[in-house]
Amino acid sequence: RRKKSFITGAAVVSPRTGSTVNTNGKIYMTKFQDNDLTTPHSHDNNWPFIRFADVLLIFAEALNKQNNGPTPEALDAINRVRNRAGLADLTGPYTHNQFLTIIQDERFKELAGEGHRLVDLRRWGYDYLKQRVEMSQPNATVEPHEVLWPFPSAERRVNPLIEQNDGY
């Protein structure tokens, strides 16, 4: 249901002008569609920095990690997100790893196109990052150091004791 309402490969109709924009078969994110597609980058839409669904999924992930498995509160948090999307409750029981996989999938679907994915992939470690990048880009290479961000040059100038992360 989320995919159907967030993503299209067909022509998109502007809700304000009624004009049709041809996507030429490319994937087009309609989740935060501009009211006027005829003038890109000139709209009144605000970009949501964080949504309640993101908070609930972070909470569920933190509880899962803290308790080495999901708690009733963690299940309630993820189910609130799923219910809003018209999906059935998860009931468990789940192991820590099973529930983490569920959270990873839920974040992938719920937060699509919102700019969280790279941070999520890095947080979940090199193996997961490599697997997911290569799944979508088979010729891509992923190096172990890419789970870390480089320290900005400005920060290293302020504090010369900071050593740059390996690989940068």
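Before any of the text, the structure's been laid out above.
First, a word on what this report is: a plain description of the structure on this page. (Residues numbered from 1 in each chain as written. Predicted model: local features only at pLDDT ≥ 70, side-chain atom pairs only at ≥ 80, totals over all residues. Heavy atoms only, no water.)

**Quick look at the pattern of salt bridges**
In a structure, side chains of opposite charge can pair up when their charged atoms sit close to one another.
Piece 1. Summed over all chains, the structure comprises 10 salt bridges.
Piece 2. Note that Asp54 is salt-bridged to Arg107, the shortest N-O span being 2.8 Å. With Asp54 in helix α2 (residues 52–66) and Arg107 in helix α4 (residues 96–110), this pair connects stretches of sequence that are 53 residues apart.
Piece 3. Put simply, Arg82 and Glu106 hold a salt bridge, and the shortest N to O gap is 3.2 Å. On the criterion of sequence distance, the pair formed by Arg82 in helix α3 (residues 72–84) and Glu106 in helix α4 is long-range, its members being 24 residues apart. A single burial state applies to Arg82 and to Glu106, both of which are buried. (Salt bridge = Lys/Arg side-chain N within 4 Å of Asp/Glu carboxyl O. Helix = DSSP H or I, 4+ residues; strand = E, 2+ residues; numbered from the N terminus. Buried < 20%, exposed > 50% of the residue type's maximum accessible area, 1.4 Å probe, protein only.)

**Observations regarding the packing of α2 against α4**
Piece 1. Packing of α2 against α4 leaves a shortest axis separation of 10 Å and a crossing angle of 165°. As the angle between them shows, α2 and α4 are arranged roughly antiparallel. Handedness of the α2/α4 crossing: left-handed. On α4, the residues touching Ala53, Asp54, Leu57, Ile58, Ala60, Glu61, Asn64 and Lys65 of α2 are His96, Phe99, Leu100, Ile103, Glu106, Arg107 and Glu110. (Axes fitted to C-alpha atoms, helices over the stretch in contact; angles between N-to-C directions. Parallel < 35°, antiparallel > 145°, perpendicular 65-115°, else oblique. Left-handed = near helix turned anticlockwise from the far one by under 90°. Contact = heavy atoms within 4.5 Å.)

**Observations concerning the side chain of Arg82**
Piece 1. Judged by relative accessible area, which is 15%, Arg82 ranks as buried.
Piece 2. With residues near it in sequence (within four places) discarded, Arg82 still touches Leu87, Ala88, Leu90 and Glu106.

**What to know about the environment of Phe99**
Piece 1. Here Phe99 is to be found in helix α4.
Piece 2. Through-space distance from the C-alpha of Phe99 to that of Leu75 is 9.1 Å; in sequence the pair is 24 residues apart.

**Thoughts on the packing of aromatic side chains**
Piece 1. Taken as a whole and judged by the stated rule, the model has two aromatic pairs.
Piece 2. Measuring from centroid to centroid gives 5.4 Å for Trp124 and Tyr128, while their planes differ by 85°, and the two rings are edge-to-face.
Piece 3. Accessibility expressed as a relative area gives 14% for Trp124, which makes it buried.
Piece 4. For Tyr128, a relative accessible area of 12% translates into the label buried.
Piece 5. Between the NZ or CZ atom of Arg122 and the centre of the ring of Trp149, over which it lies, the distance is 3.7 Å. (Phe/Tyr/Trp six-rings, centres within 6.5 Å; stacked < 30°, edge-to-face > 60°. Lys NZ or Arg CZ within 6 Å of the ring centre and 35° of its normal.)

**A look at the nonpolar core**
Piece 1. Residues Ala60, Ile78 and Phe99 are the most contacted members of the largest nonpolar core, which totals 14 residues.
Piece 2. Counting only elements with at least two residues in this core, the list comes to α2, α3 and α4.
Piece 3. Dropping the residues within four chain positions of it, Phe99 is found in contact with Ala60, Asn64, Pro70, Ala74, Leu75, Ile78 and Tyr94.
Piece 4. Of all hydrophobic cores here, the second largest spans six residues; its members include Leu100, Trp124, Leu129 and Val142. (Core = buried A, V, L, I, M, F, W, Y, C linked by side-chain atoms within 4.5 Å.)

**Side note on unusual backbone geometry**
Piece 1. Gly92 connects to Pro93 through a cis peptide bond whose omega is 5°.
Piece 2. Turning to its location among the elements, Pro93 is positioned in the loop between α3 and α4.
Piece 3. At Asn68, a residue that is not glycine, the phi angle is positive and equals roughly 55°.
Piece 4. For Asn68, the location among the structural elements is in the loop between α2 and α3.
Piece 5. Residue Asn68 is classed as exposed on the basis of its relative accessible area of 60%.

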